[in-house]
Amino acid sequence: MTDTSNERRQEPRNKLTTRLLWHVIMVAFILLLITVVATFWQTYPAAKRDVVAKLQADVAQTLAYNDEVLSSIEYRGNVLSEAFLERYKAFGDDPAFVEHFDNWFIETSPGVFRLKEAFFNKQTKANHIFQHLSAFVGPRPSPLNDEMKVRITLSLLVLNELAPAWQNEVTNTHFSMPENVITLYSPDSAWGALADKDLVITDFSTVRSTLHSENPEREPNWTGLYFDHSAGFWTITYQQPVDLDGRHLINSSFDVSLRKMTEDLSQVAEPGVESYVLNAKAHLVASSTLANGVKSQGEDGEPDTLTPENYHDPLYQQLAARLQQAEKPIQQEVWDDVNENYLVLVQHLETPNWWYFSVYPKHLITSEAMEIPVLLALLGSILIIVLLIAVAFFVTRDISRPLRELAHIAALVNEKNYRAIEQNNVAKVRSYGEVRQVMNAFRVMARRFVEANEELENRIDARTKDLRSANQKLEKLAHLDGLTGLRNRRAFQIDLEDSLRQQGDNYYFVMADIDDFKPFNDNYGHEAGDQALIALSELFETVEGSRAYRYGGEELAMIIKAESPEQVEQRLQDLLASIESLAIEHQYGLRSHPLLAVSFGYTKIREGEQASTLIQRADKLLYQAKQQGGNRVVSDIN
């Protein structure tokens, strides 16, 4: 009962007309899918070009303003440097400035000096009104001398004179010195009073990058983003080394806070689009994705620069890696492969030597590009449904009914009763011409199938014989060396084990090595070396009662059956003579012999011993032959 119900449920699926309709549906939807995909791939590049053009326009607008700001900062750096250098040349040896230092600074801990707090709040000294100034003279290997005091005092005077003019453009203005000194103008923070007494500013990448050892070209530079713990904010720094007669005097520098950089460089044109700014070392300068949590890093008291090693933003790390791996300088590029989810527009900023990355999610491009294919898919689906209704009508009328006539023949096919099909009377079946042709084709197929089975059995028998013969040839080839035709290492292992098991027979094992074969190969060429190996192998094959093997490289081996050691000795001496008669020239050997020669070491095979022991014994004898000048036979048999 259950089997009958299941068969009835399966009957519609088993009908040819039903399967045909399903095939038509599948083909139609596959064609529709191909059309949709093709349309998408035609519209996607256009959508991508539109996005790139839009990003380029937005980036150009952002960078144009930024270029003005950064160029202005770099110009201020030149002004600051020149102002200090001019005063230093004029007053570098003036003792009055040493006295100013002694009056303006206090020693807060042994060897550490700080500018008095009054200079930050407001102080009048030497006919100058000082405000917003601080300074830190930290630990240093050499004592504080008068020249350094003059430099420090002059830097404070220059800062006091010039820095207020551009306090709205930068966060603060300062001078740093390689002797662990910094003087600073900042309306917001008295940095010099806050710095840790043990701080050595040259230990960190910001000031260290200005030293002769790190910057031999003496180029100005912009740092990456780092956290200034004393001031309590994330910042980048512009620095310009100031030298005189090859001596590093000071660095004029400016800090630009993350807040200002975010305002200028990290703004995004629309939701979903992110931006990153990296310097030449791939350090992060600014980013619209900079997490709030990152501001809590660096609580150990050290300034932290955001690098791929310590800022774990996967996209930033991918951009940094790609930038560092670039073989040539990048100016403007579009990266489609740096991340499978984003399209990246790269733009070089010439003035600070930075790179601006505008990151656009690809799904936004895909959404834009999919509008036309989706519309096409909708219209195509409606057309396919109409077409399928028409196909179903004609298939049922013109195919389904005639095919029922073939049901019993199909059943015979299912039972593999080909002889019954062959004997079927087509004339009893009323059908259209095409169906009759199908039935005749069934009969022909059945007859041919019976004949094919018989022929296949005959062929299988013949192929089995051929395969057996081929396997025998292959087994033989598996034991031969491809170059020399000698038996290979595999055959050697088998034959040697057989020889060790022989009882009452005299077998001798020979190790041979071509003398100075590497210089021969190096000077005459590997082809000449191969020809020499082949020629020598042919002679080895002629030795009476022996089997010759290529043991490896220029090493050959032999197993000789002989009545006595004297017979072995004589056969090997004859082989040496034959090798010499080949007269293969070898002018580059380490020995005086001008022809290619071979050294031999042989020993008797002892029944039941280990193969490794036998090989080691023969190898030592071969080594003795080499030590005695080569081109000779050495044995341990007296």
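Each remark here, short or long, concerns the structure printed above.
Positions within a chain are numbered from 1, following the residues in the order the chain's sequence is written. pLDDT decides what is reported in this predicted model: residues at 70 or higher carry local features, side-chain atom pairs at 80 or more are listed and counted, and totals for whole chains, interfaces and linings draw on all residues regardless. Water and hydrogen atoms were dropped before computing side-chain values, which therefore reflect all heavy atoms in the structure.

## Looking at the overall build of the protein
Cut-off, in case you're wondering: A run of H or I in DSSP counts as a helix once it spans at least four residues, and a run of E counts as a strand once it spans at least two, with each numbered from the N terminus. Each residue is assigned to one of three classes by its accessible area relative to the maximum for its type, calculated with a 1.4 Å probe on protein chains only: buried under 20%, partly exposed between the two thresholds, exposed over 50%. Throughout, a residue-residue contact means that at least one pair of heavy atoms, one from each residue, lies within 4.5 Å. Computed by Shrake-Rupley with a 1.4 Å probe, the accessible areas treat only the displayed protein chains as cover when residues are assessed.
A count of helices and strands for the protein gives 19 helices and 22 strands. When each of the 638 residues of the protein is scored for burial, the buried share is 44%. In the protein, once contacts between residues fewer than 6 apart in sequence are set aside, the share between residues at least 24 apart is 63%. Accessible area of the protein: about 34800 Å², with a carbon and sulfur share of 51%.

## Some thoughts on the nonpolar core
We apply this condition: Residues enter a nonpolar core if they are buried and are Ala, Val, Leu, Ile, Met, Phe, Trp, Tyr or Cys, with the set joined through side-chain atoms within 4.5 Å.
Counting residues in each nonpolar core, the largest one holds 83 residues, and the members touching the most others are Ile73, Phe105, Ile152, Tyr276, Leu278, Leu319 and Phe357. No other element matches helix α2 (residues 16-91), which puts 13 residues into this core. Aside from chain neighbours lying at most four places away, what touches phenylalanine 105 is Phe113, Arg114, Leu115, Lys116, Ala135, Val137, Ile152 and Leu156.

## Let's talk about the side chain of histidine 248
In plain terms, the rule: N or O atoms closer than or at 3.5 Å make up a polar contact, with two conditions inside protein: a donor-capable atom paired with an acceptor-capable one, and, for residues adjacent in sequence, both atoms drawn from side chains.
With respect to the helices and strands, the residue histidine 248 is situated in strand β11 (residues 247-257). In terms of polar contacts, histidine 248 uses its side chain to reach the side chain of asparagine 251, at 2.7 Å. Other than its neighbours up to four places away in sequence, histidine 248 contacts Arg151, Pro178, Thr210, Leu211, His212, Arg218, Pro241, Val242 and Asp243.

## Details of the environment of phenylalanine 97
Within the secondary structure, phenylalanine 97 is located in helix α3 (residues 95-104). For phenylalanine 97, a relative accessible area of 10% translates into the label buried. As a C-alpha pair, phenylalanine 97 and glutamate 147 span 50 residues in sequence and 9.3 Å in three-dimensional space. Once you skip the residues sitting within four places of it in the chain, phenylalanine 97 turns out to touch Phe91, Lys149, Val150, Thr153, Leu154 and Leu157.

## A short note on the sheet that holds strand β15 (residues 332-339)
This is how the line gets drawn: Between any two strands, pairing holds if DSSP finds at least two bridges. Here an angle of 0 to 180 degrees is reported between the N-to-C directions of two axes, which are lines fitted to C-alpha atoms, with helices fitted over the stretch in contact.
With antiparallel pairing, the five strands of this open sheet are ordered in space as β13-β12-β17-β16-β15. Looking at strand neighbours, the two that pair on one side only are β13 (284-287) and β15, the edges of this open sheet. Neighbour-to-neighbour, the strand axes of this sheet turn through a mean angle of 25°, independent of strand direction. Running at roughly 125° to β15, helix α9 (residues 314-325) makes contact with β12 (274-278), β13, β15, β16 (342-349) and β17 (354-361) of the sheet.

## Brief notes about the pairing of β17
Across the eight residues that make up β17, a large majority, eight, are buried. Taking every second residue as pointing to the same face, both faces of β17 are buried, with Trp354, Tyr356, Ser358 and Tyr360 on one and Trp355, Phe357, Val359 and Pro361 on the other. One ladder, built from five bridges, connects β12 with β17; its direction is antiparallel. Directly across from tyrosine 276, in β17, lies its bridge partner phenylalanine 357. Sheet topology note: the β16/β17 ladder contains eight bridges and is antiparallel. Looking at the pairing, tyrosine 342 lines up with proline 361 of β17.

## Digging into the pattern of salt bridges
Heads up, the condition is: Each salt bridge in this description consists of a side-chain nitrogen of Lys or Arg and a carboxyl oxygen of Asp or Glu lying within 4 Å of one another.
Here the structure, examined in full by the defined rule, presents 20 salt bridges. The partner of glutamate 541 in a salt bridge is arginine 487, and the shortest N-O contact between them spans 3.8 Å. Of this pair, glutamate 541 sits in the loop between α17 (526-540) and β19 (546-552) while arginine 487 sits in the loop between α14 (433-477) and α15 (489-501); the two residues are 54 residues apart in sequence, bridging distant segments of the chain. The class for glutamate 541 is partly exposed, based on a relative accessible area of 39%. Here the salt bridges do not stand alone but share partners, grouping Glu147, Arg151, Glu179 and Arg247 into one network.

## Brief notes about the packing of α3 against helix α5 (residues 146-162)
Short version of the rule: Convention used here: angles under 35 degrees read as roughly parallel, angles over 145 as roughly antiparallel, angles from 65 to 115 as roughly perpendicular, and any remaining angle as oblique. In this classification, the charged set is Asp, Glu, Lys and Arg, the nonpolar set is Ala, Val, Leu, Ile, Met, Phe, Trp, Tyr, Cys and Pro, and all remaining amino acids, among them Gly, are polar.
The contact between α3 and α5 brings their axes to 8 Å, and the two run at 75°. Considered as vectors, α3 and α5 are oriented roughly perpendicular to each other. Contacts between α3 and α5 pair Phe97, Val98, His100, Phe101, Asp102 and Trp104 from the former with Asp146, Lys149, Val150, Ile152, Thr153, Leu154, Leu156 and Leu157 from the latter. Considering only residue class, the contact of α3 with α5 consists of nine nonpolar, two polar and three charged.

## With respect to the environment of glutamine 610
Counting through the fold element by element, glutamine 610 comes out in the loop between β21 (598-604) and α19 (611-627). Classification of glutamine 610 as exposed rests on a relative accessible area of 55%. In sequence terms glutamine 610 and leucine 500 are 110 residues apart; their C-alpha atoms lie 8.0 Å from each other.

## Some points on the pairing of β16
Counting buried positions along β16 yields seven of eight residues, so the element is predominantly enclosed. Judged from the five bridges that link them, β15 and β16 form a sheet pairing that is antiparallel. Residue valine 334 lies in a different strand from β16, and its bridge partner there is leucine 345. Here β15 folds back onto β16 in antiparallel fashion, the turn holding two residues.

## Describing a nonpolar patch on the surface
Put simply, the rule is: Residues enter a patch when their relative accessible area is above 30% and they make no salt bridge; the linking distance is 9 Å between like charges and 5 Å between nonpolar side chains (Val, Leu, Ile, Met, Phe, Trp, Tyr).
Where nonpolar side chains cluster on the molecular surface, the patch consists of Met26, Val27, Ile30, Leu31 and Ile34 and spans about 480 Å² of accessible area. With respect to the helices and strands, the residue leucine 31 is situated in helix α2.

## Overview of the packing of aromatic side chains
Heads up, the rule is: Between 30 and 60 degrees the pair is tilted, below 30 it is stacked and above 60 it is edge-to-face, where a pair is any two Phe, Tyr or Trp rings, Trp via its six-membered ring, whose centres lie within 6.5 Å.
By the definition in use, this model includes 21 aromatic pairs. Geometrically, the ring pair formed by phenylalanine 119 and phenylalanine 130 is tilted, given 5.2 Å between the ring centres and 55° between the ring planes. Highlighted residues: phenylalanine 119 in helix α4 (residues 118-121) and phenylalanine 130 in strand β4 (residues 128-130), separated in sequence by eleven residues. Here phenylalanine 119 falls in the buried class, since its relative accessible area comes to 2%. Under the relative-accessibility criterion, phenylalanine 130 is labelled buried at 0%. Taking the centre distance of 6.0 Å and the plane angle of 10° together, the rings of phenylalanine 517 and phenylalanine 520 count as stacked. Pair noted here: phenylalanine 517 and phenylalanine 520 are both in helix α16 (residues 517-524), with a separation of three residues, about one helical turn. When its relative accessible area of 5% is taken as the criterion, phenylalanine 517 is described as buried. Overall, phenylalanine 520 belongs to the buried group, its relative accessible area being 3%.

## So, helix α18 (residues 565-582)
Structural remark: α-helix, 3.6 residues per turn; residues separated by three or four positions point the same way. For clarity, the threshold we go by: Expected span, for any helix, means 1.5 Å times one less than how many residues it has. Our arc is simply the arc of the directions from the helix axis toward the C-beta atoms.
Over its 18 residues, α18 extends 26 Å from the first C-alpha to the last, a length consistent with the 26 Å expected when each residue adds 1.5 Å. Restricting attention to buried positions, one finds in α18 the residues Pro565, Val568, Arg571, Leu572, Leu575, Leu576 and Ile579. What you see down the axis of α18 is that its buried residues fit within an arc of 145°, all on one side. α18 presents Glu566 and Ser581 as exposed residues on the side facing more than 90 degrees away from its buried surface. Note on α18: the residue one or two positions beyond its end, alanine 583, has a positive phi of about 55°.

## Some details on the packing of α16 against α17
Taken N-terminus to C-terminus, the directions of α16 and α17 make an angle of 130°; their axes are 6 Å apart at the nearest point. Put simply, α16 runs oblique to α17. Facing α16, whose interface residues are Phe517, Phe520, Asn521 and Tyr524, α17 presents His526, Ala528, Gly529, Ala532 and Leu533. Tallied by class, residues from the contact of α16 with α17 come to six nonpolar, three polar and no charged.

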